[in-house]
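# Close look at the chain arrangement
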There are 4 protein chains.
Amino acid sequence: MSKPRLNIGIVGYGFMGRTHSNAFRQVSKFFDVPYEPVLKAICARNRARAESFQQNWGYDSVETDWKSLIERKDIDVIDIASPNDTHAEIAIAAARAGKAVLSEKPLGRNATESQAIVEAAEKAGVPNMVWYNYRRVPAVSLAKDLVNEGKLGRVFHYRAKFLQDWTISSDLPQGGEGLWRLDARVAGSGVTGDLLAHCIDTAMWLNGPVDSVAAVTETFIKERKHNLTGKIEPVGIDDASAFLARFRNGSLGTFEATRYARGHKALYTLEMNGADASIIWDLSDLHRLQYFDHGDKGTLRGWRSIHITDGDHPYMKHWWVPGLQIGYEHTFIHQAADFLSGMAGGIVPAPTFRDALATDYVTDAVLAAAKNRDWQKVAGA
Amino acid sequence: MSKPRLNIGIVGYGFMGRTHSNAFRQVSKFFDVPYEPVLKAICARNRARAESFQQNWGYDSVETDWKSLIERKDIDVIDIASPNDTHAEIAIAAARAGKAVLSEKPLGRNATESQAIVEAAEKAGVPNMVWYNYRRVPAVSLAKDLVNEGKLGRVFHYRAKFLQDWTISSDLPQGGEGLWRLDARVAGSGVTGDLLAHCIDTAMWLNGPVDSVAAVTETFIKERKHNLTGKIEPVGIDDASAFLARFRNGSLGTFEATRYARGHKALYTLEMNGADASIIWDLSDLHRLQYFDHGDKGTLRGWRSIHITDGDHPYMKHWWVPGLQIGYEHTFIHQAADFLSGMAGGIVPAPTFRDALATDYVTDAVLAAAKNRDWQKVAGA
Amino acid sequence: MSKPRLNIGIVGYGFMGRTHSNAFRQVSKFFDVPYEPVLKAICARNRARAESFQQNWGYDSVETDWKSLIERKDIDVIDIASPNDTHAEIAIAAARAGKAVLSEKPLGRNATESQAIVEAAEKAGVPNMVWYNYRRVPAVSLAKDLVNEGKLGRVFHYRAKFLQDWTISSDLPQGGEGLWRLDARVAGSGVTGDLLAHCIDTAMWLNGPVDSVAAVTETFIKERKHNLTGKIEPVGIDDASAFLARFRNGSLGTFEATRYARGHKALYTLEMNGADASIIWDLSDLHRLQYFDHGDKGTLRGWRSIHITDGDHPYMKHWWVPGLQIGYEHTFIHQAADFLSGMAGGIVPAPTFRDALATDYVTDAVLAAAKNRDWQKVAGA
Amino acid sequence: MSKPRLNIGIVGYGFMGRTHSNAFRQVSKFFDVPYEPVLKAICARNRARAESFQQNWGYDSVETDWKSLIERKDIDVIDIASPNDTHAEIAIAAARAGKAVLSEKPLGRNATESQAIVEAAEKAGVPNMVWYNYRRVPAVSLAKDLVNEGKLGRVFHYRAKFLQDWTISSDLPQGGEGLWRLDARVAGSGVTGDLLAHCIDTAMWLNGPVDSVAAVTETFIKERKHNLTGKIEPVGIDDASAFLARFRNGSLGTFEATRYARGHKALYTLEMNGADASIIWDLSDLHRLQYFDHGDKGTLRGWRSIHITDGDHPYMKHWWVPGLQIGYEHTFIHQAADFLSGMAGGIVPAPTFRDALATDYVTDAVLAAAKNRDWQKVAGA
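Quick caveat: nothing in here was measured; it's all calculated off a predicted structure.

Let us now look at the sheet that holds strand β6 (residues 128-130) of chain A. Residue and element names in this part refer to chain A. With respect to topology, six strands assemble into an open sheet ordered β3-β2-β1-β4-β5-β6, the strand pairing being parallel. Where the open sheet ends on each side, the last strands, each with one partner, are β3 (61-63) and β6. Geometrically, the sheet is characterised by an average inter-axis angle of 25° between neighbouring strands, direction not taken into account. Bridge analysis of strand β2 (residues 36-43) against β3 gives three bridges, and the strand direction is parallel. Paired with I42 across the two strands is V62, which belongs to β3. Helix-sheet contacts for helix α1 (residues 15-30) involve β1 (5-11), β2 and β4 (77-80), and the interaxial angle to β2 is about 155°.

Shown next as structure tokens:
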């Protein structure tokens, strides 16, 4: 008695194409999911690369036009792992074709695009989900449990930062293969949509809606060679972005992202301070949750470094034995597992397109506040 | 052949009265200073407490009126360690009386007060210094050396926070002995003047002037019993304060201070990211400097945890042997040593009153930006 | 043009059966290996469990007798992931049948068994390898590179420990499914063969042969219920084991392993101190190498925390992007990749059976020294 | 109403002369001690240096012969801070003269010397104490409280190491001013008496007597120029020393000390694993205690990093405010405070000479075991 199969058609063979493909390959080996996902088709304009990707990951077939992919009857799920400027068109068409739709983040290049996507998906009534993968880091999932249990009490502060250093060199070009994140037309924005979006998704999941923001953005290197035109062109993206926030629950937030923080490759850290307890998490030490419980006996209070590797920690019973860690890609496997379980149960797995739209409202407000040098009320908040 | 003596008259017997008294008692035992400081007089309105303090620390005499203290011919230095609302009046009178004047931070309750103090001191031409003690943490002094040597290259980011958790309980009263920092009339502001002022002093020392700021402040507990009136009164101070900054050198800054960060007693951290190197320092680990040098060989690059205990580290040859740490109070001893050396050499030791005024311009701008929900240009910047 | 296939027949479906199966499934997706490994057969006495394992991992077939497995012409590699008491018999038979043979560690229950295995494998001339997986943690591989480059200079000290806490409860039974490591007849020894063996393998790889040892072992809980007999029986294994070592290169070693170190699930740490540099590694932070270089400028010397996630770090270009971590199971994937590459090139990939025998000589000497309360010369050293 | 005065006569002006002098100067400023210690006399053979020391620290007088010092009626306490080879003669004479006697550690160069000292002191009935200062690190004192409260349950493991790197260079001479610790005739032994003695004192305080030991010692650099003779001479001390221990309570111990661990200036760490809880402490982070409590809720168990700066932590209410640290020298101030309080109450403050003798029995056993390559029963155990 074998499981029903769920046929995946993926668009894009880049970094995210790899993490998604791996997730669908691995998930049923570690989780008792109700569907067996099948790597049915990979779609990309560049046939040679698409075929190379197909061969490596074992996809059944190749498409070079996403419209053909969507038309195929044997595809159940369209998984969008292509650059940001393709999300809206593909997601809307896929929804209209009745496919379940998964999308990399951010959902659109801005909230206007995302709104159209949400409308299409909700009108079509198709399952939809965005790969904000960091929710499924076991330590972050445990943090969510603690919040839900009321362990933190009244929240006063939330702070997050996402620091990288890979674009400091002025020799780095913008645009094209592997560098589209530096091209504002393709990416929509710079670190605001790329990195802060992650921070905001987690923040609102843990601490509720953001009410208003003040922000600053900067483009440290003003011009770079564009790989598609071969010319020196103005850089349209934000290299760094920081904002102050008021959450609707009365707490204050500070957020910062940059690609100019020498010494940090991918330092996403978050901290939440409540009256009764506080938590800290750090992507560069992703298997640990720092937890301070004011309820501990006075002289023995301290930040607990909880090694999230036990069988009763979120997701961890599916892996190895206590003390042994998992890595970055496992967050995608966890999300795939939840998606498959949700599909069977008729539950739309979060973050949905609508959840991701809420994040885009914040990033839009951040960019507007930075431009206008004022405070911006977040739409929908 | 004994050293010339320098007679200290201190105002205030609180926390800072203790750190200053200890500094002047200890300095000549560890540093070859040109003057022997003498604990000549302690001045406080409460005679009983002043006498108790005198006896403990070995002061020669007691005064209960700071005006009498200033009139004394045998006092060379007036050291102000009393609450913020007394700084201006005492400092101005002391300067006019030709005394060297030292003051706890912040200099005034606001820049207007500080400006008057600066004018009086500069007109009188007396040596003057503010106890922003964290500059003299050996690790921070080493950071300054690295900046001066150009090790960091072009600076992109500066971030600092000062987190405490001691006022979370709503039962805590405001005002009076030991709690004047919660009384806006005495303190001037809350964490902005108390904690952010430290962060700003160090920041401008390391990274130059702040050009403009956007800010948010919050008072989480709106009313507290006032110890002096016995009544429930509105809380006038800011419990938390955060701001975004543009430095004049083009780098971005993020700053935050609070007394509502559960789990942190006095977590002052700072980080500076340059094109060539980055540094991190943390008061709760004060004897370490984290240093990332992009010039290291690629595969061996990493944050160096430098244990600042060697004889060639700033100030450390005066203490014990490599590997052995000093503590918080030593920063005041270092500042006293520099002050005494500066006195002899005719050099005004930094931070001077004028340096401290620059910090007050920033805190004023922060408070105004938070109130007006806009960006404020920093005065004098 | 597809790759030649290499058919794997695995014995055992436990923890190590899973890590090996995953390694062979994943390796060709991330490494350009010369063979495509095929999960051909899983062999275990319990047919139901074997079939369940087969279904989960996608093995082609099931065997319940390892002799049948070895007789199959379509099996190229016998991979032994069953309890220690089965290693010798299976490995010797597999070698005689001309199969490549892989074995979990320790190779035998003692050096006598291991010697017989080595002789059989070498006489048959078959490729052979033991899964001492920690050599392929990228940080440990980098440590080896540093040693090979002479970065450490003359070595003075090596220290390692492997601390667990899972057997503290006296209610825990010994023997049977999942607990055979507590049964001396099956396991051979306790933590000496299970945990110290890992420490010794890495130590000799990095620092050369061990000359002699003094040791202590202890069994804290003397009797436990035996799951196979249902009776309370004496515990034959060592719960804790520590030893002092002289390495042949003149350096001193200290080693310790236990399952009674409350708070540690799997804390394998190693440190090596050389005249010119030192290194520290820690399994609970496996993606970091701590490195101290005495050649750094004096005031800026410090332990570097190297985050081993860059493309030029060992194995890492095959995974994600800088800053993103991998986990425990990846060490097996790396070893599988090296094994497959070695197979194609005619190079026996280390650690070979003979390398593993050297480790067993040390563990035998440790057990003898503890028993005789003297120093033992290590055989073959 | 002033306190009774207690006149201190110190022998030695080196590193320890400084820490003791500072302790006696500072203690009554921070602790409400029943005596006011007076720096009455400094004694050293080199008059010029003694006078320089006197002037710096404010001693009333100078002696150049310790016999004259002991004869003085105005001296209450003889504090021995001179090299190890002087301890026995001075301590015995001082005790016979009816003085309270304090001594730096180790008490004698070996247990034979120490035994004679203990006998003299106990026969004379004079207060006596050895400056094993690390007991009074607040974090270590808290660890002792936890042990006393039974928080750890049955203890399985104790491990300690003391790592330095200051003698790696072969150019470093032995003997003479500042280097007598490298001269076996003066020091008695190398790191065994210098560093392991500290580890053993703390270990037996926390975990009870050591029953037996196996050990290894090494002298990496066999010959060094001797500063007193000017000739190249064999090095008589142990550069490194490690031992395995069985404690009388059934737990196992591992200990190691060296001056050849590149990267460590003074890394004294200790760890204790009990059935119910574990603790870790580290001199390079001396204001923290790491504490793991198995009684915490399963998913939230973690090592707590307790910042020992609160008013209810041992000794800390006498210092600053929560979050602010003290340093190395404060441990001596704490010990001076306990000594003075003990004097008034007629309680001999620990560690007494007898306690220190117990440590010397262990160090003697370690040296014998290393020499004889066997296990040694500890005398008196």
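On to the pairing of strand β2 (residues 36-43) of chain B. Residues and elements named next belong to chain B. Bridge analysis of strand β1 (residues 5-11) against β2 gives seven bridges, and the strand direction is parallel. Counterpart to L6 in the pairing with β2 is P37. Following the backbone out of β2, through helix α2 (residues 47-57) and into the adjacent parallel strand β3 (residues 61-63), one traces a crossover that is right-handed.

Residues and elements named next belong to chain D. Contact geometry for helix α5 (residues 111-124) and helix α10 (residues 353-372): axes closest at 9 Å, N-to-C directions at 165°. As the angle between them shows, α5 and α10 are arranged roughly antiparallel. Considering how the two elements wind past one another, α5 and α10 form a crossing that is left-handed. Judged by residue contacts, A111, S114, Q115, I117, V118 and A121 of α5 engage F353, R354, A356, L357, D360, Y361 and D364 from α10. A per-class count over the contact of α5 with α10 returns eight nonpolar, two polar and three charged.

Residue and element names in this part refer to chain D. In this model helix α9 (residues 330-345) runs 23 Å from its N-terminal to its C-terminal C-alpha over 16 residues, within 8% of the 22 Å that 1.5 Å per residue would give. Within α9, twelve of the 16 residues are buried, which leaves the element mostly enclosed by the surrounding structure. Where α9 is buried, its residues meet β1 (5-11), α1 (15-30), β2 (36-43), β5 (100-103) and β6 (128-130). Once α9 ends, the next one or two residues include G346, with phi positive near 75°.

This part covers the nonpolar core. Membership of the largest hydrophobic core comes to 519 residues, with the highest contact counts inside it found for A:V213, B:V213, C:V213 and D:V213. Ignoring any residue separated from it by four or fewer positions in sequence, one finds C:V213 in contact with C:F243, C:L244, C:A245, C:V362, C:A365, C:V366, C:A369, C:W375, C:Q376 and C:V378.

On to the relation of the copies chain A and chain D. When chain A is fitted onto chain D, the two copies agree to an RMSD of 0.0 Å after a turn of 180° and an axial shift of 0.0 Å. The relationship between the two copies is best expressed as a two-fold rotation axis. Within chain A, the C-alpha atom positioned nearest to the axis of rotation is that of A:R304, 2.0 Å from it. Interface overlap between copies: 100% of the residues of chain A at the interface are likewise at the interface in chain D, consistent with a symmetric, same-surface contact.

Between chain A and chain D, the residue contacts involve 15 residues of the former and 15 residues of the latter. Ranked by residue count, the leading element in the side of chain A that touches chain D is strand β16 (residues 303-307) of chain A, at five residues. As judged from the three bridges shared by β16(A) and strand β16 (residues 303-307) of chain D, these two strands associate in the antiparallel manner. Within β16(D), the position partnered with A:R304 by the bridge is D:R304.

Take the domain arrangement of chain A next. All names here are of chain A. Its domain assignment divides chain A into domain 1 (5-133) and domain 2 (134-377). Summarising the inter-unit geometry, the C-alpha centres of domain 1 and domain 2 are found 23 Å apart. Taken together, the contacts link 37 residues of domain 1 with 39 residues of domain 2. Broken down by secondary-structure element, the contributors of at least two residues to the side of domain 1 that touches domain 2 are α1, α5 (111-124) and β6.

Right, let's get into helix α6 (residues 138-148) of chain A. Residues and elements named next belong to chain A. All of the buried residues along α6 are P138, A139, V140, L142, A143 and L146. Buried-residue contacts for α6 involve α8 (191-207), β14 (277-282) and β15 (288-293). Of the residues one or two after α6, G150 is the one with positive phi, at around 75°.

Cut-off values and rules
Residues numbered from 1 in each chain as written. Chains lettered and ligands numbered in written order. Predicted model: local features only at pLDDT ≥ 70, side-chain atom pairs only at ≥ 80, totals over all residues. Pairing = 2+ DSSP bridges. Helix = DSSP H or I, 4+ residues; strand = E, 2+ residues; numbered from the N terminus. Axes fitted to C-alpha atoms, helices over the stretch in contact; angles between N-to-C directions. Contact = placed C-beta atoms within 7 Å. Right-handed = clockwise from strand over helix to strand, strands pointing away. Parallel < 35°, antiparallel > 145°, perpendicular 65-115°, else oblique. Left-handed = near helix turned anticlockwise from the far one by under 90°. Nonpolar A, V, L, I, M, F, W, Y, C, P; charged D, E, K, R; others polar. Expected span 1.5 Å × (residues − 1). Buried ≥ 20, exposed ≤ 12 C-beta atoms within 10 Å, placed from the backbone. Core = buried A, V, L, I, M, F, W, Y, C linked by C-beta atoms within 7 Å. Least-squares fit on C-alpha atoms with pLDDT ≥ 70 in both. Domains from an automatic or database assignment.

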